[in-house]
Protein chains: 2
Amino acid sequence: MPTQTIHSLWQRYNDLLCTCDALHLSLDISRINFDDAFLDSIDFAPAFAAMEQLEAGVKVNADELDDHGEPGRMVGHYWLRNPDQAPDELVAMIRETIDDIKTFVAEDAKAFTDVLIVGIGGSALGPQLVADALGNLPGRPDQRRIHFLDNTDPDGIDRVFCKLKDHLDQTLVVVISKSGGTPETRNGMRETQKAFDDAGVDFAKHAVAVTGVDSALHQESQNWRAQFPMCDWVGGRTSVTSAVGLLPAALQGIDIDALLAGAAEMDVCTRQQTVKKNPAALLALMWYHEVKVKRRPNMVILPYKDRLLLFSRYLQQLIMESLGKEFNTDKTETVHEGISVYGNKGSTDQHAYVQQLRDGVHDFFATFIVAQKDRAGDSIAVDKNDATSGDYLHGFWQGTRQALYESGRGSVTITIDDVTPRSLGGLIALYERAVGFYATLIDVNAYHQPGVEAGKKAAGAVLALQTDILAAIDAGVTPDPATLAEHLSQPDEIETIHHVLAHLKANGRI
Amino acid sequence: MPTQTIHSLWQRYNDLLCTCDALHLSLDISRINFDDAFLDSIDFAPAFAAMEQLEAGVKVNADELDDHGEPGRMVGHYWLRNPDQAPDELVAMIRETIDDIKTFVAEDAKAFTDVLIVGIGGSALGPQLVADALGNLPGRPDQRRIHFLDNTDPDGIDRVFCKLKDHLDQTLVVVISKSGGTPETRNGMRETQKAFDDAGVDFAKHAVAVTGVDSALHQESQNWRAQFPMCDWVGGRTSVTSAVGLLPAALQGIDIDALLAGAAEMDVCTRQQTVKKNPAALLALMWYHEVKVKRRPNMVILPYKDRLLLFSRYLQQLIMESLGKEFNTDKTETVHEGISVYGNKGSTDQHAYVQQLRDGVHDFFATFIVAQKDRAGDSIAVDKNDATSGDYLHGFWQGTRQALYESGRGSVTITIDDVTPRSLGGLIALYERAVGFYATLIDVNAYHQPGVEAGKKAAGAVLALQTDILAAIDAGVTPDPATLAEHLSQPDEIETIHHVLAHLKANGRI
């Protein structure tokens, strides 16, 4: 239970409030119930040192190969908004990519009214967040409508093309895949090519690739309208300030210079090596307090702003893929780390699950994100006391924060003036840095994702088995799990075969 | 770690598979690693008995008042799709409401091209799920476009009206609030009235209320186009088969008879008192095994179908608000129960956080939802082995299930033929019944939400304080937290005042 009195709470709020002045962003950690000694009890120097190494271009991700096939990768997403700090050989490329994007949008993309992004994971979540948070400004329509194919669900693909089918000739397709080998993206691309062929529109003249040097997609897109680079030193989950995020945003008419500037400002702010002045350090310490000290491994993200609805989904990837690890950094210990992230938006979520947050299992801490500006124009009074809709939104944030605090549930609050390219860039950079710091605190590699391979490999085996099953059925073998398992000498795969058969039957394929 | 061999797994799959034949729905619990004795070790009779009481109209929710102000409420969402089982005095009303909805849509709503739903929580999540899961069928456009105001965010409201502003004269507004006192909904309604006034369109002729007898909204909507009832015996989180869900669905052109029939079929299936034949009982037992026996209180919902993206958000409310409780049923013990629900869709989420699921903290169990039918039309081959996009989706489900199983992570899989009104009705009813059963197993009241009040009350205090602050400033008091706290004799509210002032300033109000 909370121990602070009201007066010491106000003192605590003032003592602990951390601001990034350039962005008008503040972080309030006063409602996490850590004691006075906690902040000083954690040695943060290793986290700052690790970050310095990363920013200096050391190959901090030892487990993956670089673009030259050499072991070890640099991790350089901070250079994307501050090319001066990048290794010499990368500076010109970073700048040129930004210039190329602007030129492409201003000159080459004029004829397009719609943009279809084909990508998944890190190649979709960032662009989706940016599109929803910064697009559709009241009174200022987007320069182009934006659509996404972010899965390999045939019906989901059909739904997107139902919207687009009458204006494919005005649609630009942006295919985003570092390797070009991501099956969902490859499938989305093939389905898109089919839709263009059926409509008699030349796909290559409407297609742009964002991909790695010498990837399969790079080869395939040689005669497309344009190509933009993805680099080995930018991970998918931190790629939103690379061409991955910038090209879609620019096509939508979003100010990408402001997005980059906001991220750069936050980078400056979070490079400060005084913990109490560094919002990313404080955020990482609050995670540490709640998750490691208090054993509350769920992070509930509650932005009180509709535009930030997708921020929790973006953070699920950034945080869970970075921190959800089996081993410590040098693989000498099994650690099974991780923080589970969920949340949608306030005050809507109050009507969904604040019941559990206040009364139920205390396995979480909350993060409120508050945007002070209500709307572009003036507001009407909605009650007899002349309160506005925005006053209620504000009141619900304060009320929920207080109700949670009273039942011993901790929260941090991040406040921004408004959701703008600049502030969103700042929020993204804040969490990127906090994840990096926290990974050092708990000693895991934040920059690889070895656990993803097993599922891909198992899926590949299922598809290979399907090929064999179809061939066997063609050759006259009875489509029955036991018979096929024996015929294919795959007795251990009888259940897999059963499910493959059920799926094929349901789709009239056998 | 898993203990079964492949062969016993296949045997286990066949032994345990539970089907609801009428719906072609199956539940596979074989990949939850419970031992042979577990199912029989839990006495399920009390859960069946409690459900019988509930369906017989006993006032199982003792903590709330009924429509007559008497203590105790019946809980009757099952009657909505099977009026014959309702108490005599309700039968005609349930039938008439369904008929009234159909008549209204067929006759009175003809002129409308767009529908704006104003509601929050239980009055939005169900309609949103139904709209997204069942609307926008390729080749069959919705009868009316559907939009939602589900929050009190002014900018969010403006975004919706940007889309609607040119055809408000063809827009039907459906305001959904049991009490009429939900501020977010009241605010959305006021903002909507303003937009109609500004456009010179008569709001009352375009407005429909779904509300409780004698509510404030019922009074206000006397001269509106229509009124539909909400009953005290239907909780918000189980209201989707009442007028709350049926009216929006019918307006969109969705077959509500099929939705109701699917729910009714599942109700029949989950009334069976043989645990192994009852998918809701088995589901509740799996939750019990994972959450209570194994202490893994996170439920990850992974539908491998874009149309079911919102199902996890719907379940967040249904499950977390029902189960996240401080006390046991008779309030003799503090229990702090709950299950945290999150997830979006597969295979997309594999690229976001399956890394953590496979390698990281083992505090969850997964629920896969698989729809066998890929799409309405035929599929192209997307690779050299003639596999389709749907084959990949299927392969990723099997691969992820297998990869999780190999690292000791359990999952259940629910399989349906396709996402249809009928199967969605079945899924909704399955989870409603599972929540009820589980609540009995852990001895909590699934039908109240006492923890929500504290936040509302605190928010009300903030708004009342704002009124006093504005009055004081009008009277010449310096707009400074310390001065105002003293002036208003509210020394304990200095931080609240600080935040109110910051919000007012940011919006040019002081």
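Residues numbered from 1 in each chain as written. Chains lettered and ligands numbered in written order. Predicted model: local features only at pLDDT ≥ 70, side-chain atom pairs only at ≥ 80, totals over all residues. Heavy atoms only, no water.

1. Things to note about the sheet that holds strand 7 (residues 171–177) of chain B
All names here are of chain B. Note the cut-off: Only strands that DSSP links by at least two bridges are regarded as paired with each other. Put simply, DSSP marks the helices as runs of H or I at least four residues long and the strands as runs of E at least two long, and each gets a number from the N terminus on. In this analysis an axis means a line fitted to C-alpha atoms, helices contributing only their contacting stretch, and an angle means the value between N-to-C directions, from 0 to 180 degrees. A contact between two residues is defined here by any heavy atoms of the two lying within 4.5 Å.
Read across the open sheet, the five strands follow the order 6-5-7-8-9; overall the sheet is parallel. Only two strands of the sheet have a single neighbouring strand rather than two, namely strand 6 (145–149) and strand 9 (226–230). Strand-to-strand twist in this sheet, taken as the mean axis angle between neighbours without regard to direction, amounts to 20°. In this sheet, strand 6 lies alongside strand 5 (residues 114–118) in parallel orientation, the contact comprising five bridges. The residue bridging Val118 from the neighbouring strand is Leu149, located in strand 6. Where helix 6 (residues 154–164) meets the sheet, it contacts strand 5, strand 6 and strand 7, and its direction lies at approximately 160° from that of strand 6. Set on the sheet, helix 10 (residues 243–252) makes contact with strand 5, strand 6, strand 7, strand 8 (207–212) and strand 9; between it and strand 7 the angle comes to about 165°.

2. Quick look at the pairing of strand 2 (residues 25–28) of chain B
All names here are of chain B. Put simply, the rule reads: Buried means the residue's accessible area, taken with a 1.4 Å probe over protein chains only, is under 20% of the maximum for its type, while exposed means over 50%, and partly exposed covers the values in between.
In strand 2, alternate side chains face the same way, and those of Leu25 and Leu27 on one face and Ser26 and Asp28 on the other are all buried. Adjacent in sequence and paired antiparallel, strand 1 (residues 18–20) and strand 2 are bridged by four residues, among which His24 carries a positive phi angle near 55°. Two elements, strand 2 and strand 13 (residues 411–416), share three bridges in a ladder whose sense is antiparallel. Paired with Leu27 across the two strands is Ile414, which belongs to strand 13.

3. Quick notes on the pattern of salt bridges
The condition that has to hold: Think of a salt bridge as a Lys or Arg side-chain nitrogen and an Asp or Glu carboxyl oxygen that are within 4 Å of each other.
Tallying each qualifying case throughout the model produces 61 salt bridges over all chains. The salt bridge involving Lys102 of chain B is made with Asp257 of chain B; its shortest N-O contact spans 2.8 Å. Here Lys102 of chain B, found in helix 4 (residues 88–108), pairs with Asp257 of chain B, found in helix 11 (residues 256–269); they are 155 residues apart in sequence, far enough to count as distant. Arg237 of chain B is the salt-bridge partner of Glu321 of chain B, the closest N and O atoms lying 3.2 Å from each other. Placement of the pair is Glu321 of chain B in helix 13 (residues 311–323) and Arg237 of chain B in the loop between strand 9 and helix 10, with a sequence separation of 84 residues. Connected through salt bridges with shared partners, the residues Glu55, Arg81, Asp267, Arg271, Glu432 and Arg433 of chain A form a single ionic network.

4. Let's talk about the relation of the copies chain B and chain A
Here two copies of a chain appear, and what relates them is a rotation about an axis with a shift along it. Our working rule: Alignment of copies: least-squares fit on C-alpha atoms of residues with pLDDT of at least 70 in both copies.
Of the two same-sequence chains, chain B is brought onto chain A (RMSD 0.0 Å, axial shift 0.0 Å) by a rotation of 180°. In short, the pair behaves as if placed about a two-fold rotation axis. It is Tyr342 of chain B whose C-alpha, among those of chain B, lies nearest the rotation axis, at 3.0 Å. A symmetric contact is evident, with 100% of the interface residues of chain B recurring at the interface of chain A.

5. Focus on the interface of chain B and chain A
One frequently used descriptor of interface size is the decrease in accessible area upon assembly of the parts. In plain terms, the rule: Each of two parts loses accessible area, computed with a 1.4 Å probe, when they are put together; buried area is these two losses added.
At the interface, 126 residues of chain B touch 126 residues of chain A. At the boundary of chain B with chain A, total buried surface from both sides reaches about 11200 Å², with 54% on carbon and sulfur atoms. On the chain B side of the contact with chain A, Arg159, His351 and Gln355 of chain B bury the most area, a combined 7% of that side's loss. Counting every contact that joins chain B to chain A gives 18 salt bridges. With a shortest N-O distance of 3.3 Å, Arg31 of chain A and Glu495 of chain B are connected by a salt bridge.

The analysis is restricted to geometry; functional conclusions fall outside its scope.
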